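Notes for the structure review
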Amino acid sequence: AQSVTQLGSHVSVSEGALVLLRCNYSSSVPPYLFWYVQYPNQGLQLLLKYTSAATLVKGINGFEAEFKKSETSFHLTKPSAHMSDAAEYFCAVSYFGNEKLTFGTGTRLTIIP
Amino acid sequence: DTEVTQTPKHLVMGMTNKKSLKCEQHMGHRAMYWYKQKAKKPPELMFVYSYEKLSINESVPSRFSPECPNSSLLNLHLHALQPEDSALYLCASSQEVVRTNEKLFFGSGTQLSVL
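A brief look at the structure comes next. Given the structure is predicted, the values throughout are model-derived calculations rather than measurements.

Moving on, we get to the overall build of chain B. Tallying secondary structure elements over chain B gives zero helices and eleven strands in all. For chain B, the succession of helices and strands along the chain, N to C, is β-β-β-β-β-β-β-β-β-β-β. In terms of overall size, chain B behaves like a compact globule, its C-alpha atoms giving a radius of gyration of 13 Å where 115 residues would be expected to give roughly 13 Å. Expressed as lengths along the three principal axes of its C-alpha atoms, the size of chain B is roughly 40 × 25 × 25 Å. Expressed as a percentage of contacts within chain B between residues at least 6 apart in sequence, the contacts between residues at least 24 apart total 55%. Seen as two clouds, the 13 positive and the 11 negative side-chain charges of chain B have centres 6 Å apart.

Before going further, it helps to examine the pairing of strand β2 (residues 10-13) of chain B. Residue and element names in this part refer to chain B. Burial along β2 is one-sided: Leu11 and Met13 are buried, while His10 and Val12, pointing the other way, are not. In terms of strand pairing, β2 meets strand β11 (residues 110-114) through four bridges, oriented parallel. Among the inter-strand pairings, Leu11 is bridged to a residue of β11, identified as Leu112.

Right, let's talk about the state of the cysteines for a bit. Chemically, a disulfide is nothing more than a covalent bond linking the sulfur atoms of two cysteines. For the structure on display, the rule yields two disulfides over all chains. For Cys23 of chain A, the disulfide goes to Cys91 of chain A, at an S-S distance of 1.9 Å. An S-S torsion of about -60° defines the bridge between Cys23 of chain A and Cys91 of chain A as left-handed. Here Cys91 of chain A lies in strand β10 (residues 87-95) and Cys23 of chain A lies in the loop between β3 (19-21) and β4 (24-26), a separation of 68 residues in the sequence. With relative accessibility at 0%, the residue Cys91 of chain A sits in the buried group. Two residues share a disulfide in this structure: Cys23 of chain B and Cys91 of chain B, whose sulfurs sit 1.9 Å from each other. Its S-S torsion of about -70° marks the bond between Cys23 of chain B and Cys91 of chain B as left-handed, since a negative value means left-handed.

Okay, the sheet that holds strand β3 (residues 18-25) of chain B next. All names here are of chain B. Pairing is antiparallel in the open sheet, where four strands are placed in the order β1-β3-β8-β7. Bordering the open sheet on either side are β1 (4-7) and β7 (64-70), each of which pairs with just one other strand. Here the average twist between neighbouring strands, direction ignored, is 20°. As paired strands, β3 and strand β8 (residues 73-79) are joined by seven bridges and run antiparallel to one another. Paired with Cys23 across the bridge in β8 is Leu74.

Take the interface of chain B and chain A next. The interface is formed by 23 residues belonging to chain B together with 24 residues belonging to chain A. Between chain B and chain A the total buried area reaches about 1900 Å² when both faces are included, carbon and sulfur atoms providing 55% of it. One can count three residue pairs in polar contact (both at pLDDT 80 or more) joining chain B with chain A. Every element with two or more residues in the side of chain B that touches chain A is listed here: β4 (31-37), β6 (53-57) and β9 (87-94) of chain B. A per-class count over the side of chain B that touches chain A returns eleven nonpolar, six polar and six charged.

Moving on: the side chain of Asp85 of chain A. Secondary-structure assignment places Asp85 of chain A in the loop between β9 (73-78) and β10. Once you skip the residues sitting within four places of it in the chain, Asp85 of chain A turns out to touch Phe63, Lys78, Ser80, Leu109 and Ile111 of chain A.

Another aspect to go through is the packing of aromatic side chains. Counted according to the given criterion, the structure contains 13 aromatic pairs over all chains. Both rings, one in Tyr50 of chain A and one in Phe67 of chain A, keep their centres 4.1 Å apart while their planes meet at 15°; by these two values the pair is stacked. You can see Tyr50 of chain A sitting in strand β6 (residues 44-50) and its partner Phe67 of chain A sitting in strand β8 (residues 64-68), a full 17 residues away along the chain. Looking at Tyr50 of chain A, the relative accessible area reads 7%, which means it is buried. Residue Phe67 of chain A is classed as buried on the basis of its relative accessible area, which comes to 9%. Between the aromatic rings of Tyr50 of chain A and Phe74 of chain A, the centroid separation amounts to 6.1 Å while the plane-to-plane angle is 50°, which identifies the pairing as tilted. One end of the pair, Tyr50 of chain A, is in strand β6; the other, Phe74 of chain A, is in strand β9, and 24 residues separate them in sequence. Given the relative accessible area of 0%, Phe74 of chain A is considered buried. Chaining the aromatic ring pairs together yields one cluster made of Phe34, Tyr36, Phe90 and Phe103 of chain A together with Tyr33, Tyr35 and Phe106 of chain B.

So, how was this worked out
Residues numbered from 1 in each chain as written. Chains lettered and ligands numbered in written order. Predicted model: local features only at pLDDT ≥ 70, side-chain atom pairs only at ≥ 80, totals over all residues. Heavy atoms only, no water. Helix = DSSP H or I, 4+ residues; strand = E, 2+ residues; numbered from the N terminus. Rg over C-alpha atoms; globule rule 2.2 N^0.38 Å. Contact = heavy atoms within 4.5 Å. Lys, Arg positive; Asp, Glu negative; His and termini not counted. Charge placed at Lys NZ, Arg CZ, Asp CG, Glu CD. Buried < 20%, exposed > 50% of the residue type's maximum accessible area, 1.4 Å probe, protein only. Pairing = 2+ DSSP bridges. Disulfide = S-S within 2.5 Å. Axes fitted to C-alpha atoms, helices over the stretch in contact; angles between N-to-C directions. Buried area = accessible area lost by both parts, 1.4 Å probe. Polar contact = N/O pair within 3.5 Å; in protein donor to acceptor, adjacent residues only side chain to side chain. Nonpolar A, V, L, I, M, F, W, Y, C, P; charged D, E, K, R; others polar. Phe/Tyr/Trp six-rings, centres within 6.5 Å; stacked < 30°, edge-to-face > 60°.

Pasting the structure below:
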């Protein structure tokens, strides 16, 4: 079964510091991978997606993620954290021919002023 | 218009009530979804509609009844709910069903409390 694992349910970083949110997937077939962000009392918004065209994917709000097949990882990074980045971040996976998008358990990002 | 609109934003209902959640999109998307999200948990898929036909039902109890009257509208009818059904109900849409790399557009959700 397809799945993603997000290490760290809660990550705190100082404003201006590097943001690193971890996501590992389990799969025997090539996955499609996504990062979604959820601000309080809001729905989810797509940050970026991997579709095999390029291993380094750039998204909105300065976020990017790198697909590493050897490590089965798709970690999300941002060079310099901003207060507005405080939110819940979900990694998600789907596969060709599968109608279901499966979410990880989420990582809450807190920014320290 | 790139929005998915959900109404109402908040709903409180008793266990004997009947209520409906509504979702609307005008992006021409042919796939629409209902997700349930408990506090501090990821969204859980409930139903998928593709071209106005029910494509996936994730073994959801019959007290939840989805309806897709047309390609722009998605309803979720609620009847005889239990307190444990209290959650944020999210509607989403995509151009086609999620078979490849389709992006989901989410509404802001309906926060449901069952007393």
